[in-house]
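Results of the structural survey
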Amino acid sequence: MKKSTKQQFFTKNLLVWFETNDRPLPWKGEKNPYYIWLSEIILQQTRVEQGLPYFEKFKAAFPTVFDLANAPSDKVMKLWEGLGYYSRARNLHFTAKFIAEELNGVFPDTHNAILGLKGVGPYTAAAIASFAFGLPHAVVDGNVFRVLSRVFGIKTPIDTTQGKKEFNQLAADLLAKKIPAIYNQAIMDFGATQCTPANPNCAICPMQKKCTAFGDKLIDILPVKSKKIKKRDRFFNYLVFKRADTIILNKRSQKDIWLNLYDFPLVETTALLDEPALTKHNDFQQIIGTTTYSIRKASKPFKQLLTHQKIVAVFWEIELKAELLTNESDFFEVKQKNINNFAFPKIVDLYFKDKSLYLELF
Ligand code: SF4
């Protein structure tokens, strides 16, 4: 479809802006689809500054898709530690194995096939297709929603089917089809550095003359979302059992947050507990059984916000007088000096850091 005058203005000015505002990032200009895919998965829901060192670490540890495919899951999770949204790491590993074993290590080169990879949604597929293979697919993510809704004054909520359709169509119309990689990079950078969520740099913006949000003072209300995500509160009482120089860890194997990461035996409750309430709790009694113990200390509450959940955790440091006899197959005893080999959720790392004692917990 032929671009309208405003659409032409947008695409042209975006590309001119990009000529002098291109951010030098290690994956830019990269043509190896494996590295492009790696960077795009790492950057999902992650700021560039945060993702950058992870990209470098993964590239160094796994220079080819075969290296990643053959790596033990614990190694992949450990390298991912601190980046959050751990399903990305599990999908990354799964897809590396699929490409290595089913596709002989050859990355798929059509948009549909890329979209069919586990962990690759429409945004990532468009990015990989355009950056690695020059295919004309426009990226649409939070940055793009924001830029387009502001410049074109679109009030349709971005989290509705109608909104997604409208924005996808507009994004496809605006794409510079002969140079999709440059255009996609430009709009991503424009959203990340120029038309930012708070305090966009309107004063020196090339879109200002035709930007509806700027002209109609709608910057604070665009883009529109129909619903706010309601967070569920969860309270974790972590039982940090110590016996001599060992502690007990738990491998998270249930379908829940932080699958395949490690934490401690856990009593989950609907509010924080004091010591008498904790020790009377059924789950606590089930875990401790007849083992003699003494509670040494409770940490301050630590908090971690996830997309749909707010976690509050207290770490109860408990000395065991004998081996913990438990049927729980996910619990295992490790030497305290070896805990650095395991990947923990951020909230557990915060607890470790607060104690500043990786080697001696008590
Ligand atoms: S004028 Fe302001 S709101 Fe409009 S595109 Fe530029 S930075 Fe964004």
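Residues numbered from 1 in each chain as written. Predicted model: local features only at pLDDT ≥ 70, side-chain atom pairs only at ≥ 80, totals over all residues. Heavy atoms only, no water.

Another aspect to go through is the overall build of the protein. Per the secondary structure count, the protein includes 15 helices and eight strands. C-alpha extents for the protein along the principal axes are approximately 80 × 50 × 35 Å. In the protein, of all internal contacts separated by at least 6 residues, the share reaching a separation of at least 24 is 68%. For the protein, the accessible surface area stands at approximately 18100 Å², while carbon and sulfur atoms represent 54% of it. Measuring between centres, the 50 positive side-chain charges of the protein sit 7 Å from its 36 negative side-chain charges. (Helix = DSSP H or I, 4+ residues; strand = E, 2+ residues; numbered from the N terminus. Contact = heavy atoms within 4.5 Å. Areas by Shrake-Rupley, 256 points an atom, 1.4 Å probe, with all protein chains shown as cover. Lys, Arg positive; Asp, Glu negative; His and termini not counted. Charge placed at Lys NZ, Arg CZ, Asp CG, Glu CD.)

This part covers the side chain of D330. Tracing the backbone through its elements, the reader meets D330 in the loop between β7 (309–320) and β8 (331–335). Buried charge without a salt bridge: D330, with K251 as the nearest opposite-charge side chain at an N-O distance of 7.7 Å. Polar contacts involving the side chain of D330 include one to the side chain of S253, which spans 2.6 Å. The contacts of D330, once residues within four sequence positions are left out, are L249, N250, K251, S253 and Q254. (Buried < 20%, exposed > 50% of the residue type's maximum accessible area, 1.4 Å probe, protein only. Salt bridge = Lys/Arg side-chain N within 4 Å of Asp/Glu carboxyl O. Polar contact = N/O pair within 3.5 Å; in protein donor to acceptor, adjacent residues only side chain to side chain.)

The subject of this paragraph is the domain arrangement of the protein. It is common to report an interface's size as the accessible area lost on association of the parts. Segmenting the protein into domains produces domain 1 (5–215) and domain 2 (232–355). Relative to domain 2, the C-alpha centre of domain 1 lies at a distance of 37 Å. Counting residues at the interface gives eight residues for domain 1, matched by 14 residues for domain 2. Between domain 1 and domain 2, roughly 880 Å² of surface is buried when both sides are summed, and carbon and sulfur atoms account for 48% of that area. Of all residues in domain 1, K78, Y86 and R90 bury the most surface against domain 2, accounting for 47% of the area lost on that side. Viewed at the interface, domain 2 and domain 1 are joined by zero salt bridges. (Domains from an automatic or database assignment. Buried area = accessible area lost by both parts, 1.4 Å probe.)

A separate point is the site of the ligand. Surrounding the ligand, one finds R150, V151, Q194, C195, P200, C202, C205, M207, Q208, C211, F214 and I219. By residue class, the composition of the shell around the ligand is nine nonpolar, two polar and one charged. (Near = heavy atom within 4 Å. Nonpolar A, V, L, I, M, F, W, Y, C, P; charged D, E, K, R; others polar.)

Look at helix α1 (residues 5–21) against helix α11 (residues 180–194): their axes get within 9 Å of each other, and the N-to-C directions meet at 75°. Here α11 runs roughly perpendicular to α1, going by the angle between their axes. Residue-level inspection shows F10, T11, L14, L15, W17, F18 and N21 of α1 in contact with α11, the latter providing I182, Y183, Q185, A186, I187, D189, F190, T193 and Q194. (Axes fitted to C-alpha atoms, helices over the stretch in contact; angles between N-to-C directions. Parallel < 35°, antiparallel > 145°, perpendicular 65-115°, else oblique.)

This part is about the environment of A181. Examined against the element boundaries, A181 turns out to sit in helix α11. In contact with A181, other than residues within four places in its own chain, are S130 and F131.

Summarising the element assignment, E275 is placed in helix α13 (residues 275–280). Of the residues examined, E275 reaches a relative accessible area of 38% and is grouped as partly exposed. In sequence terms E275 and T5 are 270 residues apart; their C-alpha atoms lie 69 Å from each other. Apart from residues lying up to four places away in sequence, E275 is in contact with I295 and W316.

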